[in-house]
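Observations on the model geometry
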Amino acid sequence: MSEKENKIVSTLDGILKDPLKLAGAVIGATAVLGIFAIHMHFEVLPTHGARAHLSPESALAMKGQEVYMQEGCQYCHSQNLRSLDWEVARFADADAYGYYPLPHMMEYYFEAPSMRGSERKGPDLSRLAGSMNREDLEGLLQSTKSDTLRAGHHRFGHLFQSEAGMSPLFLSWRVRMMMNARAPLSDSYQKSVFEQLDGQTRGDALVEYLLTLGRKQSEFAGKYFQ
Ligand code: HEC
């Protein structure tokens, strides 16, 4: 071993043997990786040409995505339809989606983090807008019964009862932070947060979000994202 290598080995040895040094090294490494993660940029995908029409969902739906995550829906539901015939037939209305029933990567472009998930205790929700409307969803989420699997897992009535947790300021900061990380959102989108969240509850935001799942693709016979 060269002298340099010897030095590295003895330094590492010193750190590993001294609990204080080891703790310091772990804290230091976590801080460095943390700062790196915070400054990681959104991947910039081209949004010109055929993709020039792409637009984010409303600010209320963005808030709804946050609620979805906070309430842990992703631990039981995926948004990740696989390319298997029986699966498409079960979770999506293939007629409504033309030749493009599967989620396209661009559908998650404005989501941070994306909720595709891999757990599937309940059905896949990526094509939900095609099968359930606003009343269905509000009814399901405000369920009070506990005698069925469906009702037992969805007692979220409290989300619709107060406007708590709907601070527009936090969401607008989040939008600004996403913009700083190069997400293609605009100043007017950031401003719209105040108007959109006004008088709404977390439940309303959640329903708004659920109604966007697969909506654009079904409206454009599967050709919105290509
Ligand atoms: C503990 C697991 C669990 C959690 C948490 C959960 N769900 Fe479910 N969900 C299920 C199961 C299981 C079903 C299927 C029940 C049935 O059809 O009998 C279901 C069904 C649904 C359906 C109907 C889908 C369809 O195609 O018929 C929707 C919509 C839904 N859940 C939304 C949500 C939302 C939104 C949340 C978070 C607020 C949530 N779920 C949280 C387990 C869960």
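Structure's up top.
Residues numbered from 1 in each chain as written. Predicted model: local features only at pLDDT ≥ 70, side-chain atom pairs only at ≥ 80, totals over all residues. Heavy atoms only, no water.

1. Here's the deal with the overall build of the protein
Looking only at helices and strands, the protein features ten helices and zero strands. Along the protein, helices (α) and strands (β) appear in the sequence α-α-α-α-α-α-α-α-α-α when read from the amino end. In summary, the protein has a C-alpha radius of gyration of 23 Å against a globular reference of 17 Å for 226 residues, an excess of more than 25%. Expressed along its principal axes, the backbone C-alpha trace of the protein runs to roughly 70 × 45 × 40 Å. (Helix = DSSP H or I, 4+ residues; strand = E, 2+ residues; numbered from the N terminus. Rg over C-alpha atoms; globule rule 2.2 N^0.38 Å.)

2. Considering helix α8 (residues 187-197)
Within α8, the full set of buried residues consists of Y189, Q190, S192, V193 and L197. Considered in projection along α8, the buried side chains sweep an arc of 155 degrees and stay on one side of the axis. Those residues of α8 that are exposed and aimed more than 90 degrees away from the buried face are S188, K191 and E195. Close packing links the buried residues of α8 with α3 (59-70) and α7 (168-180). Remark: G199 follows α8 within two positions and exhibits a positive phi of approximately 70 degrees. (Buried < 20%, exposed > 50% of the residue type's maximum accessible area, 1.4 Å probe, protein only. Arc of directions from axis to C-beta. Contact = heavy atoms within 4.5 Å.)

3. A closer look at the nonpolar core
Residues M62, V175, L185, Y189, V193 and L197 are the most contacted members of the largest nonpolar core, which totals 20 residues. Secondary-structure elements contributing two or more residues to this core are α3, α7 and α8. When residues in this core are grouped by element, the largest group, four residues, is from α7. Look past the residues within four positions of M62 in its chain and what remains in contact with it is L171, R174, V175, M178, L185 and Y189. Core analysis: the next-biggest nonpolar cluster, separate from the first, contains 19 residues, V67, Y68, L137 and L141 among them. (Core = buried A, V, L, I, M, F, W, Y, C linked by side-chain atoms within 4.5 Å.)

4. Side note on the site of the ligand
By nearness alone, 20 residues border the ligand, and C73, C76, H77, R150 and H154 come closest of all. Within the side chain of H77, a nitrogen or oxygen atom sits 2.8 Å from a nitrogen atom of the ligand. In this structure, a nitrogen atom belonging to the ligand sits 2.7 Å away from a side-chain N or O atom of H154. Taken together, the elements giving at least two residues each to the shell around the ligand come down to α5 (134-141), α6 (149-152) and α9 (202-210). Residue composition of the shell around the ligand, grouped by class: 13 nonpolar, five polar and two charged. (Near = heavy atom within 4 Å. Polar contact = N/O pair within 3.5 Å; in protein donor to acceptor, adjacent residues only side chain to side chain. Nonpolar A, V, L, I, M, F, W, Y, C, P; charged D, E, K, R; others polar.)

5. Description of the packing of helix α1 (residues 3-17) against helix α2 (residues 19-38)
Relative orientation of the contacting elements α1 and α2 amounts to 100 degrees, with a least axis distance of 5 Å. Between α1 and α2, the angle is such that the two are roughly perpendicular. Where α1 approaches α2, its residues G14, I15, L16 and K17 are matched on the opposing element by P19, K21, L22 and A25. Looking at the contact of α1 with α2, its residues break down into five nonpolar, one polar and two charged. (Axes fitted to C-alpha atoms, helices over the stretch in contact; angles between N-to-C directions. Parallel < 35°, antiparallel > 145°, perpendicular 65-115°, else oblique.)

6. A short note on the coordination of the iron atom of the ligand
The coordination sphere of the iron atom of the ligand, as far as protein atoms go, consists of H77 (NE2) and H154 (NE2), spread over 1.9 to 2.0 Å. Here the iron atom of the ligand binds six donor atoms, and the angle range of 86 to 179 degrees at the metal identifies the geometry as octahedral. In this pair, H77 sits in the loop between α3 and α4 (85-91) while H154 sits in the loop between α6 and α7, placing the two residues 77 residues apart along the sequence. According to the relative accessible area criterion, H77 is buried, its value standing at 10%. (Donors = N, O, S within 2.8 Å, 3.2 Å for Na, K, Ca; no water. Tetrahedral: all angles 85-135°; square planar, octahedral: opposite > 155°, others 65-115°.)

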